[in-house]
Amino acid sequence: MKSFLVLLLIFSASLSSFAQKTDFILLKRGAKQKTQIRYYPGETITYKSTKIDYFVTDVIKSIDNNFIYLSENILSPESITEVDIRNKDRRNGTLSALNVLTIGAGAILLGAESINSIYHEQEFSISSGVGLASGILLGTGIALLPLRYKTFKNTGRNKIQLIQMRMD
């Protein structure tokens, strides 16, 4: 009886581990996986199409062989000219973390030097080497702020593909 219960438990756990069928939109820049972005049904997508020359945000309802069904529109992948990927591309998270680290390091270096000078010399002063190093760190962090992946343009090597994970 115990072995039957264990087998039943293992079987029911293995059923939930099978891959679920999920269709998605694949924005593909190249062959590398890190340059691919996926949009699943239920997610919001901000796009610009051939008919509309400004960005529109909409919710993906479903995906067919040739069309993307949104809550307010029906599109083919060829009619999408650009997709806003600021919040979707995971490489932007790495770039923003790098910005926070460099700006934070410059601010901490300035703060530590000023507190150190007040404690040891009883007056506020920052040495030229520390000022230069913290200025370089702050400047680098600020200069890296505009370096983000903003849009995905559906031209050239970039492709929008509709992937259906069905077995029917």
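Scroll up to find the structure.
Residues numbered from 1 in each chain as written. Predicted model: local features only at pLDDT ≥ 70, side-chain atom pairs only at ≥ 80, totals over all residues. Heavy atoms only, no water.

## A word on the pattern of salt bridges
- Scanning the entire structure with this criterion turns up three salt bridges.
- Across the pair Glu 43 and Lys 88 runs a salt bridge whose closest N-O atoms are separated by 2.7 Å. Here Lys 88 lies in the loop between strand S7 (80–84) and helix H2 (90–121) and Glu 43 lies in the loop between strand S2 (36–39) and strand S3 (44–49), a separation of 45 residues in the sequence.
- For Glu 43, a relative accessible area of 26% gives the class partly exposed.
- Since its relative accessible area comes to 28%, Lys 88 is described here as partly exposed.
- For Arg 86, the salt bridge is made with Asp 84, and the minimal N-O distance between the two is 3.6 Å. (Salt bridge = Lys/Arg side-chain N within 4 Å of Asp/Glu carboxyl O. Helix = DSSP H or I, 4+ residues; strand = E, 2+ residues; numbered from the N terminus. Buried < 20%, exposed > 50% of the residue type's maximum accessible area, 1.4 Å probe, protein only.)

## A few points about the sheet that holds strand S9 (residues 159–163)
- Reading across the sheet, the three strands line up as S2-S1-S9 and stay open at both edges, with antiparallel pairing between neighbours. Where the open sheet ends on each side, the last strands, each with one partner, are S2 and S9. Each adjacent strand pair in this sheet contributes to an overall mean axis angle of 25°, direction not counted.
- As defined by bridge partners, strand S1 (residues 24–28) adjoins S9 across five bridges and the pair is classed as antiparallel. Residue Leu 27 lies in a different strand from S9, and its bridge partner there is Ile 160. (Pairing = 2+ DSSP bridges. Axes fitted to C-alpha atoms, helices over the stretch in contact; angles between N-to-C directions.)

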